[in-house]
Amino acid sequence: MSDRKYFGTDGVRGVVGGPIINPEFTLRLGYAAGQVLAQHHNPVRGRPTVVIGKDTRISGYMLESALEAGLSAAGVDVLLAGPVPTPAIAYLTRALRLAAGVVISASHNPYQDNGIKFFSAQGMKLADEIEERIEAVIDQPLGCADSEHLGRARRIDDASGRYIEFCKSTFPNELDLSGMKIVVDAAHGAAYQIAPHVFRELGAEVFPIGCQPDGFNINEGVGALHPEAMAAEVRARGAHVGIALDGDADRLLMVDETGRIYNGDELLYAIVRDRHAQSKVQGVVGTLMTNFGFEKAMNALGIEFERAKVGDRYVLESLVRKGWLFGGESSGHLLCLDRHTTGDGIIAALQVLTAMRRNGLSLSEAVGDLQMYPQEMVNVPLQPNTAWQDHPGLIQARERVERELNGRGRVLIRASGTEPKLRLMVEAEDLELARQSVRELVAVDLTKR
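In this report, we go over the structure that sits alongside the text.

Cut-offs applied
Residues numbered from 1 in each chain as written. Predicted model: local features only at pLDDT ≥ 70, side-chain atom pairs only at ≥ 80, totals over all residues. Heavy atoms only, no water. 1 Å grid on protein atoms, 1.4 Å probe; cavity = no way out; pocket = protein on both sides within 12 Å on 5 of 7 lines; lining within 4 Å. Points joined across faces, edges and corners; volume = space filled by probe spheres on them. Helix = DSSP H or I, 4+ residues; strand = E, 2+ residues; numbered from the N terminus. Nonpolar A, V, L, I, M, F, W, Y, C, P; charged D, E, K, R; others polar. Core = buried A, V, L, I, M, F, W, Y, C linked by side-chain atoms within 4.5 Å. Buried < 20%, exposed > 50% of the residue type's maximum accessible area, 1.4 Å probe, protein only. Contact = heavy atoms within 4.5 Å. Pairing = 2+ DSSP bridges. Axes fitted to C-alpha atoms, helices over the stretch in contact; angles between N-to-C directions. Parallel < 35°, antiparallel > 145°, perpendicular 65-115°, else oblique. Patch = residues over 30% accessible without salt bridge, like charges linked within 9 Å, V, L, I, M, F, W, Y side chains within 5 Å. Areas by Shrake-Rupley, 256 points an atom, 1.4 Å probe, with all protein chains shown as cover. Salt bridge = Lys/Arg side-chain N within 4 Å of Asp/Glu carboxyl O. Right-handed = clockwise from strand over helix to strand, strands pointing away. Left-handed = near helix turned anticlockwise from the far one by under 90°.

Our focus in this paragraph is the layout of surface pockets. A volume near 1,100 Å³ is recorded for the largest pocket. As for the largest pocket, its lining consists of 36 residues, of which Thr9, Val310, Gly311, Glu329 and Arg414 are closest to the centre. Elements with a contribution of two residues or more to the lining of the largest pocket: α10 (312-322), β17 (409-415) and β18 (421-428). The dominant element in the lining of the largest pocket, judged by the number of residues it contributes, is α10, at 3 residues. Here the residues of the lining of the largest pocket are counted per class, giving 7 nonpolar, 16 polar and 13 charged. Of the pockets and cavities examined, the second largest pocket occupies roughly 450 Å³. For the second largest pocket, the lining is made up of 20 residues, of which Ser120, Ala121, Gln122, Leu126 and Ala127 are closest to its centre. Put simply, the parts of the chain that give the lining of the second largest pocket at least two residues each are α1 (23-40), α4 (128-138) and α10.

Turning our eyes to something else, we now look at the nonpolar core. Counting 69 residues, the largest nonpolar core has Phe199, Ile346 and Leu353 as the members making the most contacts within it. If one sorts the elements of this core by residue count, helix α11 (residues 345-359) sits on top with 8 residues. Leaving out residues up to four positions away in the same chain, isoleucine 346 has contacts with Tyr163, Cys167, Ala191, Ile194, Ala195, Val198, Phe199, Leu245 and Ala249.

In this section: empty space enclosed by the protein. Taken as a whole, this structure holds 1 cavity of 30 Å³ or more when the rule is applied. Residue lining of the largest cavity: Leu334, Leu335, Cys336, His340, Thr342, Asp344, Ile347 and Ala348, and that is the complete set. Residue assignment for the lining of the largest cavity shows that the elements contributing at least two residues are β15 (334-336) and α11.

Strand order in the open sheet made by the 6 strands is β1-β5-β4-β2-β3-β6, with mixed pairing throughout. The outermost strands of the open sheet, each flanked by one partner alone, are β1 (12-15) and β6 (153-155). Taking the axes of each pair of neighbouring strands and ignoring which way they run, one obtains an average angle of 15° across the sheet. Lying on the sheet, helix α2 (residues 59-73) is in contact with β2 (49-54), β3 (77-83), β4 (100-104), β5 (113-119) and β6; it crosses β2 at an angle near 170°.

Take the packing of helix α3 (residues 86-95) against helix α5 (residues 159-169) next. One can describe the packing of α3 onto α5 by two numbers: an axis separation of 10 Å at closest approach and a directional angle of 95°. On the basis of their axis angle, the class for α3 and α5 is roughly perpendicular. Residue-level contacts link Pro87, Ala88, Tyr91, Leu92 and Arg94 of α3 to Ala159, Arg162, Tyr163 and Phe166 of α5. In terms of residue class, the contact of α3 with α5 is made up of 7 nonpolar, no polar and 2 charged.

A surface patch of nonpolar side chains, amounting to about 320 Å² of accessible area, comprises Ile58, Tyr61 and Phe216. Mapped onto the elements, phenylalanine 216 comes out in the loop between β8 (205-209) and α7 (228-237).

Another point: the pairing of strand β13 (residues 304-308). As a general feature of sheets, a regular strand has side chains that alternate between the two faces. As paired strands, strand β12 (residues 283-287) and β13 are joined by 5 bridges and run parallel to one another. Residue pairing for β13: glycine 283 is matched across the bridge by glutamate 304. Following the backbone out of β12, through helix α9 (residues 292-301) and into the adjacent parallel β13, one traces a crossover that is right-handed.

Next up on the list: the packing of helix α8 (residues 264-278) against α11. One way to put it is that α8 packs onto α11 with a least axis distance of 9 Å and a crossing angle of 55°. Accordingly, the angle class assigned to the pair α8 and α11 is oblique. Both α8 and α11 take part in a crossing whose hand is left-handed. Of the residues in α11, those touching α8 at Leu267, Ala270, Ile271, Asp274, Arg275 and Gln278 are Ala348, Gln351, Val352, Thr354, Ala355, Arg358 and Asn359. Here the residues of the contact of α8 with α11 are counted per class, giving 6 nonpolar, 4 polar and 3 charged.

This is the structure in structure tokens:
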């Protein structure tokens, strides 16, 4: 992944008007993707077709048009879904038996950024080798198919309705949300029309916030990045629960009736504990940042636990490799592969609500006996080319701290991917022990060996 010129762990992303997210590059990306997808398409099934969805950023119109033109020039038909959540495109690609799906979104980033990511025909993130083949032809001269072979484009008028029904289908038929007051915060993003409908049609009284996008306010002061707005609305409305999504609705945070915020680890625990009581869960995948308390809770339930690198892409890869169904990140990307092929904030919320309604529990009770460990993290400057992994002083300090923790916590040391810093993190049974342990690690002088 690190050797790629354009694709990152979640497609192509950057500042609008920069070297990547601009009309010319997007046109080339569409043409390159169309060429590669056409090569993988079975001609017996007719012309390859791709669906394009987007969030509510003002730049989405421009990028959608450029992508459409590039794909059409490569002989690929295009379906335009308009503003819909990222996981909706994964669903539509699979349900409509399409060659691929494309999402124009920068997820939780501000409106000045945007991105483009692809889903395979199976509704999963595009395989590395396919992305690499697309990269290989992006910088080649732009071409165009003969007129008789150009792709056509049309809008899908019922994309939102199809996805709403799919979301509702993941909630048990014998349950409903009648009598529940729910605050739904769509972050002025892709789910602004869809999310309130899903919960309302299942019987809840819904109070929407973050559902007035203007092209510039996506993720601004609301949504999963700023759940305090949702928490305040829950308290003001006397609601039972609040649901906060991010700009493309693949990420979820929730609050209980007191306004207490629950992160991805806690919500995943509520889902897994309920599922495990219904039919045994074999294993769960978290990340390097998943709270140690979650790992201990899985051990207590007799469920295997594995850590992947940070990023929902890596969680999904581990789940597929292990043949497991449940995983997620502390940030709120949650995967329930028995319900969908990708992380989905609305569907994850419905699974938490299932655990609550099936057992007659509040959100705090559904999270139950999960004891989250206090976490202390310090960032220290890291000089270029510092070999911190085999630094004798750091190795000795880590070993000393782990002996002192003696199974009552864990140590995580990793370099930042965006800054010249080393992140030193300790989780322990009590905060003072975590702080003391971090102080021992910070005391190591990385400039001396």
